[in-house]
Amino acid sequence: MRCVLAHIAKGVDGTPASPAVDHLGLASLAGVLAEGGHDVSILDTLLHDVPDEGLASRAAAERPDIVGYSVNYSNVDDVFASARELRRLYPHAAVVAGGSYATFHCDDLLSADTPFHGVVLGEGEIPFLYMANAGADCAMWCDIPGVAVRTSDGIRNTNPKPGLEFAALGRRSYEQLSHLTRFPRLCYRVAIESSRGCAHSCSFCSIAASQRMAGCAAVRRLRSPTAVADEVRHVVEAYGLRDFWFMDADFLGQPSEKSRVLEIARRIAELGVDVSLEIDARADAVDEQVIEALCRAGLQRCFVGVESFDDATLKMFGKKTSGHVNIRAIEVLEKFGVRPILGMIMFHPQSTLAQLRQDHAMLRNFGYEKTQMLFRLKKYKGSRDAGQKQDSDGRGVAPWEDYGWEFDNPEIAEAWEKFDALRLEAMDEVFVHMTHEFRNGQITPEDFSSRSDAVFRTFGENVDAILG
Ligand code: B12
Ligand code: SF4
């Protein structure tokens, strides 16, 4: 079968994607499909420099049997438009959607006038391989675990099974990397993974939700340190790319995984290559020995799911950390010169002025430029939070109401409106105007980062008028 995997690249909250990064999920699918004897290519709007509206004709030109779109909150409208256009241009292809968003919105994606023939739920490697093996006739997909299809009787879906162990996943496709080579250092990241899954179950998180759906709640699947280091070496030698971003939900993992993380760090350091690494971690796993070892391997940036510095908020999220643990993690990272990237969820239905002021004071201290610039809880469909919490009218927030919540306190709602207006202004300046100048070569990567930091710092100063 001829398969095209398509991605309309966007950044947070729909801003232009920056830095450029290859789509690891699609690379993994492509690797498994190719090993299964299928002919696969990946089309990514940023990497192929194709406008969103041009993706359908590029995909149609490949005369595919199946086209799979990766869908997320930021690109869903554009994906719908592209899939409709593809069906018009090339009605012979079966069109499939996958990814976290598609998983929990499969009913919407397969609604009556849908351009999609099927939706893959959760990890896609095996379900998509089985679909390709079965052929482009979606009637043949009904019994594949992890696939939803529209039949004459409505939507039929079969729950996913747990994903494959790393050794069974085989080699990912590297075809996207040749497109990353045109970006200078600091402007791209090579996606890599050392583990899948998370042992925790924070109430807002859809990773935990996907694991529950596949019957593997709290299970971590680990890749061997040798395989991770070999991949780093391969990418450096074959493509000359040196900036890596680990896509693991929880790179540092459980306390029992510490020796494994130290081994990954040692093996990468022993390669003796100049690389930079970025990881995602929980605050309670950040410790000096591990961070020091990872720094020797090239660690430069660490996303930490801080969410809030307020213990009651963290308890409500089921985060199992504390404000103190968060502060300590940031201090350890800064001690070793690792840039923390703070994931924050300080605005939530029960936010109080005192809690917001505390969070704001901490962010003013550490620097708003170190946040992801996302601050308001999103009730992702599928997550425990979306299914359980009550909104201000006392109705249960239904699983399909992703963002359907209001602040309990009208004063906080007003504070959010003002905060968000400033936030959007700052994001616009950095992700639209500055990114445009940057892509046109008008400003250097160094200038881009110092100027964008200044914009976000000023945003923090302006928030003083609201929460100071
Ligand atoms: C890197 C990343 C980003 C990058 C984008 C990278 C990229 N290439 O697109 C940036 C920073 C831009 C980003 C932004 C956002 N992200 Co993000 N991101 C991640 C992160 C950390 C890693 C993604 C990854 O590579 N995973 C590993 C690969 C192997 O898995 P995968 O991509 O999910 O692909 C597998 C399946 O989903 C599926 N699949 C995916 N696509 C397709 C397509 C087809 C056809 C098929 C069959 C299957 C399939 O099969 C793949 C292989 O098993 C994840 C957390 C995580 N660890 O997964 C969050 C995550 C995906 N992001 C999330 C969110 C919410 C966002 C934003 C909406 C945030 C915001 N408010 O703006 C935006 C949306 C824009 C976007 N492009 O995604 C949520 C998704 C929640 C949800 N229910 O949708 C996640 C799960 C984080 C979380 N804890 O909640 N993100
Ligand atoms: S937010 Fe992070 S720690 Fe919590 S369940 Fe999700 S991936 Fe795990």
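Structure first, text after, so check above.
Residues numbered from 1 in each chain as written. Chains lettered and ligands numbered in written order. Predicted model: local features only at pLDDT ≥ 70, side-chain atom pairs only at ≥ 80, totals over all residues.

Caption draft 1: Highlighting the pairing of strand β4 (residues 66-70). Burial within β4 is extensive, with 5 of its 5 residues counted as buried. One ladder, built from 5 bridges, connects strand β1 (residues 2-7) with β4; its direction is parallel. Looking across to β4, one finds that Val4 is bridged to Val67. Bridge analysis of β4 against strand β5 (residues 94-98) gives 5 bridges, and the strand direction is parallel. (Buried ≥ 20, exposed ≤ 12 C-beta atoms within 10 Å, placed from the backbone. Helix = DSSP H or I, 4+ residues; strand = E, 2+ residues; numbered from the N terminus. Pairing = 2+ DSSP bridges.)

Caption draft 2: Representation of unusual backbone geometry in the model. Positive phi, close to 70°, is recorded for Ala218, a residue that is not glycine. Following the sequence through the fold, Ala218 ends up in the loop between α9 (206-213) and β11 (221-222). Owing to 13 C-beta atoms within 10 Å, Ala218 belongs among the partly exposed residues under this scheme. The phi dihedral of Glu307 falls on the positive side, at around 65°, and the residue is not glycine.

Caption draft 3: Seen up close, the pairing of strand β13 (residues 276-281). Most of β13 sits inside the fold, with 5 of its 6 residues counted as buried. Inspection of the sheet shows strand β12 (residues 243-246) paired to β13 by 3 bridges, in the parallel sense. The residue of β13 that forms the bridge with Asp243 is Ser276. With respect to chirality, the unit in which β12 leads through helix α11 (residues 258-271) into the neighbouring parallel β13 is right-handed. (Right-handed = clockwise from strand over helix to strand, strands pointing away.)

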